[in-house]
Amino acid sequence: MRGFHLIVAAAVASVAGQASAAAIDLSKPYGNKSGCINKNGQQVYAEDMLLLTGTEFITVASACTFTEKQVQADGSLVVKAQCQAEGEEGESPAQFTIKRSAKNARRLVIADEDGTVYGEVSRCR
């Protein structure tokens, strides 16, 4: 019986290790080229700018601050946020899904709750 418990414990530890390895780590910023250039503040203006941090998602036209993050069974991250759009007053709620790119696991894909993809981002250097 003790052997059975050890096997179950090893299986659980293995699955937990795989899940944490697949988890999305936002401790360092991700962005496209112009997003990474702007990671420390506005350096250049670019229509395609995307910057993703552990607390924010910033585009050329909006800035969203995360209010809640939930890791999904597939390793993706569902994020609720409050967003400010350029030229508008106040904030509005939004939800994004962040997942690994099917083309390149080192890149992340960001989509809104309707499935509209903003783009792919890589870890900034």
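It should be noted that the structure appears before, not after, this text.
Keep in mind the model is a prediction, meaning the values are calculated, not measured. (Residues numbered from 1 in each chain as written. Predicted model: local features only at pLDDT ≥ 70, side-chain atom pairs only at ≥ 80, totals over all residues. Heavy atoms only, no water.)

A. Spotlight on the overall build of the protein. Looking only at helices and strands, one finds 2 helices and 8 strands in the protein. Ordered by position from the N terminus, the helices and strands of the protein form the series α-β-α-β-β-β-β-β-β-β. For the protein, buried positions account for 32% of its 125 residues. A separation of at least 24 residues holds for 27% of the contacts in the protein among residues at least 6 apart in sequence. Surface accessibility of the protein: about 8,200 Å² in total, with carbon and sulfur atoms responsible for 53%. (Helix = DSSP H or I, 4+ residues; strand = E, 2+ residues; numbered from the N terminus. Buried < 20%, exposed > 50% of the residue type's maximum accessible area, 1.4 Å probe, protein only. Contact = heavy atoms within 4.5 Å. Areas by Shrake-Rupley, 256 points an atom, 1.4 Å probe, with all protein chains shown as cover.)

B. Summary view of the packing of aromatic side chains. Within this structure, the stated rule accounts for 3 aromatic pairs. Consider the rings of Phe57 and Phe96, whose centres lie 5.2 Å apart with planes at 70°: the pair is edge-to-face. In this pair, Phe57 sits in strand E3 (residues 56–59) while Phe96 sits in strand E6 (residues 92–100), placing the two residues 39 residues apart along the sequence. In this structure Phe57 comes out as buried when scored by relative accessible area, which is 1%. Taking the relative accessible area as the measure of exposure, Phe96 reaches 4% and is therefore buried. When the ring of Phe96 is compared with that of Tyr118, the centres are 5.8 Å apart and the planes differ by 65°; the resulting orientation is edge-to-face. Here Phe96, found in strand E6, pairs with Tyr118, found in strand E8 (residues 117–123); they are 22 residues apart in sequence, far enough to count as distant. With relative accessibility at 38%, the residue Tyr118 sits in the partly exposed group. Here the aromatic residues Phe57, Phe96 and Tyr118 are joined through ring pairs into a cluster of three or more. (Phe/Tyr/Trp six-rings, centres within 6.5 Å; stacked < 30°, edge-to-face > 60°.)

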